[in-house]
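So the chains spell out like this:
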Amino acid sequence: SHKNSCEATIIPHQTLVAEPIATTTTDNTPPPCFNDNKFLVSVEVCLKPSSTARLEEVQRAVERMLEKRSMSYVDGLVRIPEDDLFLVENVQRICICDTEEWVKNNDVLLFWQVKPVVHAFQLTEEGPCEELGADGQPASFNEWILPAKEFDGLWESLIYESGLKQQLLRYAATALLFTQKGVNPNLVSCNRIILLHGPPGTGKTSLCKALAQKLSIRFNSRYPHCQLIEVNAHSLFSKWFSESGKLVAKLFQKIQEMVEEDNNLVFVLIDEVESLAAARKAALSGSEPSDSIRVVNALLTQMDKLKSAPNVIILTTSNITTAIDVAFVDRADIKAYVGPPTLHVRYEILRSCVEELICKGIISSFQGYDGLSLPSFSSLKEKANATEIHDTDTVPWFCKQLIEAAKACEGLSGRSLRKLPFLAHSALSDPYSHDPSNFLCTMIETAKREMSELP
Ligand code: ADP
C-alpha cells in the first residue's frame, strides 16, 4: 500500500487514525527510508554527563567505529570497543533504533545493507523549571530542557501495536522537514499540531514527552537547543480566571521569545484539552463566568499566532474518546487514536515489569532462563506457530503464566498494568521469597481482583 512508500504520509485534515497503521514492508515495496540502496538506521549515542567533548566529534568517532565493524544491526545496545579510548571516556551508551520497522520474520540487517545515521546527544540533568501560579496555586506550566534525563528510556518503555510510535515520529519529522525547506503553507498545509486521544492511562502524555525527547535528539544538528513547555489545561481554569488570562499571556509571551531564536526547537504540550472545550461550553450556557471563554479564546488566538513559526510543535492530548468537536481540535493536523492495550501489548508491558524485578533482584530468574530477558510475545507466537499459544508444549510454563496474567487484565489501562507487579508483590504471603512462579500466580490473582474492582 502507499503507506509503505518512501514519503511519510500526512493524514488529511479530518481523518482520525483509529486503525493501527501497518508499517512492515511487503515484498516488493521499497522500505520507507532508503538511501543509496541502503537502509537508514538511527544510532543514538548518549554522552556521559562528565563528557566535555563536542557532539560532532563524538558522532564522527562513532561513525568511524561502525565502519570498522562488520556487525549486524538489531535494536539495542552496541558494545563500545575497549581500545577506543576516546569513546570509552566520553560515551555512556550507543543504541541502535527503529530497525524493527524494516525487518520481518526476525531477519537481521547486515552492515553492508545499512547506512547508519548517528545522533550524539547529552542529557540535561536540570529537571523541570516550574512556573508557580499566583498565591501558591499549583504550577500552571513546567519547562524542560531537552533531551532531559527524566525522559530517558520513556520512548522505549511505551509499547503499542503496529508502529504507532514510528508513524508519529515520521509525521513530526516530515513536518519539520517541510518547514526547514520553506514549503509554502498556502500550497501544502501542515500546521505542526498533533492530537493524541483515547481513554485515560493509555500513555498519551508520556508519548508526547517521549516524542519531543526523540525529536530533540534526532534534530539536534539543525536545532541545538530544545525545550518542552508542559501546560496543564485544567490548571488554567482555576477559580481565579482573571489570573488565568494573565497566565496564558505570560506563558505565550515566553514561548514566543523562545521561538524567535532560530536555533531553538520548542514543544508545547497541552494536556487534557477537553477541559478547554468544557469551559467554553459552560461559559456559553451561563454556568461559568464569561472570563473562562476569554481564557480559551486567548489560548486559541495565541496558538494560531504560534502556528506560523517553523520551529514549534504543539502536542495535545484528550481523554475524550468519542466525537471531539472543538475549535481546538480542528486545528490539529495529525490526530492519532491511542487505544487500550491489546493482549500482545499487555504481555509486553508485564514482561518488562517482571524483567525489571528480576534485574533488581526482587524475584529470581526462571529456571532455564538465566538471562534477564524473557521471550517476547512475537517469538512465542512464532514458536507456537498458531494463534493459541496456550496449548503448546514448546512454550515455557512461566510464559504461559505471563500470558494468563495478560489475559486476565483485559480492560486495564497501561497505567494500571504498570502498577500491577507492585500490588502483587505487596500481596505476597512471604515478601522475602524470590520465587518467580509464586510471584506470577499472585499477579494473576491480583489482576483478577483489580478487574473485579473496575467501575
Ligand atoms: P494518559 O496521558 O493517556 O492518561 P499517561 O501518559 O499518564 O497516560 O500514562 C501513564 C503511564 O502508564 C505511562 O507513563 C506508562 O508507564 C504507562 N503506560 C500507559 N500505556 C502504556 C503502554 N502502551 N505501554 C507501556 N506503558 C504504558
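Residues numbered from 1 in each chain as written. Predicted model: local features only at pLDDT ≥ 70, side-chain atom pairs only at ≥ 80, totals over all residues.

**Observations regarding the overall build of the protein chain**
Then, in step 1: In terms of regular secondary structure, the protein chain is built from 15 helices and 14 strands.
Then, in step 2: Burial statistics for the protein chain: of 455 residues in total, 35% are counted as buried.
Then, in step 3: Long-range contacts, defined as pairs at least 24 residues apart, comprise 76% of the intrachain contacts of the protein chain with a sequence gap of at least 6. (Helix = DSSP H or I, 4+ residues; strand = E, 2+ residues; numbered from the N terminus. Buried ≥ 20, exposed ≤ 12 C-beta atoms within 10 Å, placed from the backbone. Contact = placed C-beta atoms within 7 Å.)

**A few points about the environment of glutamate 57**
Then, in step 1: Summarising the element assignment, glutamate 57 is placed in helix H1 (residues 55-68).
Then, in step 2: Along the sequence, glutamate 57 and alanine 120 sit 63 residues apart, while their C-alpha atoms lie 9.0 Å from each other.

**Here we look at the site of the ligand**
Then, in step 1: As a matter of local geometry, the ligand sits amid 18 residues, with Gly203, Thr205, Ser206, Gly414 and Arg415 nearest to it.
Then, in step 2: Of all the elements in the fold, those that place two or more residues in the shell around the ligand are helix H5 (204-218), helix H11 (343-359) and helix H14 (414-426).
Then, in step 3: Of the residues belonging to the shell around the ligand, the class tally is 7 nonpolar, 8 polar and 3 charged. (Near = placed C-beta within 6 Å. Nonpolar A, V, L, I, M, F, W, Y, C, P; charged D, E, K, R; others polar.)

**A look at helix H15 (residues 436-452)**
Then, in step 1: Here H15 is 17 residues long and its end C-alpha atoms lie 24 Å apart, about the 24 Å a rise of 1.5 Å per residue gives.
Then, in step 2: Of all the residues in H15, the buried ones are Pro436, Phe439, Leu440, Thr442, Met443, Thr446 and Ala447. Considered in projection along H15, the buried side chains sweep an arc of 160° and stay on one side of the axis.
Then, in step 3: Residues of H15 that are buried sit in contact with helix H13 (397-408) and H14. (Expected span 1.5 Å × (residues − 1). Arc of directions from axis to C-beta.)

**Some words on H1**
Then, in step 1: With 14 residues, H1 should cover 20 Å at 1.5 Å per step; its first-to-last C-alpha distance of 20 Å lies within 8% of that length.
Then, in step 2: The set of residues buried in H1 consists of Val58, Gln59 and Val62. Taken end-on, H1 shows its buried residues confined to a sector of 100°, consistent with a single buried face. H1 presents Glu56, Arg64, Glu67 and Lys68 as exposed residues on the side facing more than 90 degrees away from its buried surface.
Then, in step 3: Looking at the buried positions of H1, the neighbouring elements they touch are strand E2 (38-47), helix H2 (85-90), strand E5 (91-97) and strand E7 (114-121).

**Observations regarding the environment of valine 296**
Then, in step 1: With respect to the helices, strands and loops of the structure, valine 296 is situated in helix H9 (residues 291-307).
Then, in step 2: Between the C-alpha atom of valine 296 and that of alanine 233, which follows or precedes it by 63 residues, the distance is 9.5 Å.

**Some words on the environment of valine 58**
Then, in step 1: Summarising the element assignment, valine 58 is placed in helix H1.
Then, in step 2: Distance from valine 58 to valine 91, taken between C-alpha atoms, is 8.0 Å for residues 33 residues apart in sequence.
Then, in step 3: Here valine 58 is in contact with Val45, Leu47, Ala53, Asn90, Val91 and Ala120, once residues within four sequence places are set aside.

**Description of the confidence of the model for the protein chain**
Then, in step 1: Confidence in the prediction of the protein chain, expressed as mean pLDDT, is 82, and 81% of residues score 70 or more.
Then, in step 2: Taking the mean pLDDT of every element in the protein chain, the minimum, 60, falls on strand E1 (residues 34-35) and the maximum, 97, on H2.
Then, in step 3: Across residues 1-32 the pLDDT falls below 50, and counting only partners more than four positions away or on other chains, this stretch makes 47 contacts in the model.
Then, in step 4: Of the two predicted TM-score estimates for the complex, the pTM is 0.87 and the ipTM is 0.99. (pLDDT = per-residue confidence, 0-100.)

**Observations regarding the packing of H11 against H13**
Then, in step 1: At their nearest, the axes of H11 and H13 sit 9 Å apart, and the two run at 120° to each other. Considered as vectors, H11 and H13 are oriented oblique to each other. H13 is crossed by H11, and the crossing has right-handed handedness. On H13, the residues that touch Leu343, Arg346, Tyr347, Leu350, Arg351 and Val354 of H11 are Leu402, Ile403, Ala405, Ala406 and Lys407. (Axes fitted to C-alpha atoms, helices over the stretch in contact; angles between N-to-C directions. Parallel < 35°, antiparallel > 145°, perpendicular 65-115°, else oblique. Left-handed = near helix turned anticlockwise from the far one by under 90°.)

**Comments concerning unusual backbone geometry**
Then, in step 1: For the bond from leucine 146 to proline 147, the omega torsion is -5°, close enough to zero to count as cis.
Then, in step 2: Tracing the backbone shows proline 147 in the loop between strand E9 (141-145) and helix H3 (154-157).
Then, in step 3: Positive phi outside glycine occurs at aspartate 98, with the angle close to 60°.
Then, in step 4: Position of aspartate 98 relative to the elements: it lies in the loop between E5 and strand E6 (109-110).

**Here's the deal with the packing of H14 against H15**
Then, in step 1: Taken N-terminus to C-terminus, the directions of H14 and H15 make an angle of 125°; their axes are 9 Å apart at the nearest point. Considering the angle they form, H14 stands oblique to H15. Like other packed secondary-structure pairs, H14 and H15 cross with a definite hand, here right-handed. On H15, the residues that touch Ser416, Leu420, Pro421, Leu423 and Ala424 of H14 are Phe439, Thr442, Met443, Thr446, Ala447 and Glu450.

**Things to note about the pairing of E5**
Then, in step 1: Across 6 bridges, E2 lies against E5 in antiparallel orientation. In the sheet register, leucine 47 faces E5, and the bridge partner there is valine 91.
Then, in step 2: As paired strands, strand E4 (residues 76-78) and E5 are joined by 3 bridges and run antiparallel to one another. Looking at E5, one finds that valine 78 is bridged to isoleucine 94. (Pairing = 2+ DSSP bridges.)

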